[in-house]
Amino acid sequence: MSRPASRPKHVSKADLPQKPCAVCNRPFAWRKKWARVWDDVKYCSERCRRDARKR
Ligand SMILES: [Zn+2]
C-alpha cells in the first residue's frame, strides 16, 4: 500500500481507492468531495448514511 512520492496528476478511475459501504456493502470509489474525509467515509451515499442512523 505504499505510494510513490511523485504521483501523476491525472489518476484513472481504476486507480481510485475503494471500500465497501457499511450499510449496503457495495464497494464505492473515492470522490473528490471526500478528499479530506476519506478515512471517515463509511457510506456510499447520503441515503445509506441516513439508513445507518435509523437502525
Ligand atoms: Zn451504501
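Keep in mind that this is a model prediction, so the values were computed, not measured. (Residues numbered from 1 in each chain as written. Predicted model: local features only at pLDDT ≥ 70, side-chain atom pairs only at ≥ 80, totals over all residues.)

## Notes on the overall build of the chain
No. 1: Secondary structure summary: the chain contains one helix and two strands in total.
No. 2: When burial is assessed residue by residue, the chain has 2% of its 55 residues classed as buried. (Helix = DSSP H or I, 4+ residues; strand = E, 2+ residues; numbered from the N terminus. Buried ≥ 20, exposed ≤ 12 C-beta atoms within 10 Å, placed from the backbone.)

## A short note on unusual backbone geometry
No. 1: One non-glycine residue, Asn25, lies in the positive phi region at around 70°.
No. 2: Assignment of secondary structure puts Asn25 in the loop between β1 (18–20) and β2 (27–29).

## Looking at the environment of Asp51
No. 1: Turning to its location among the elements, Asp51 is positioned in helix α1 (residues 46–54).
No. 2: Since 15 C-beta atoms lie within 10 Å of it, Asp51 is described here as partly exposed.

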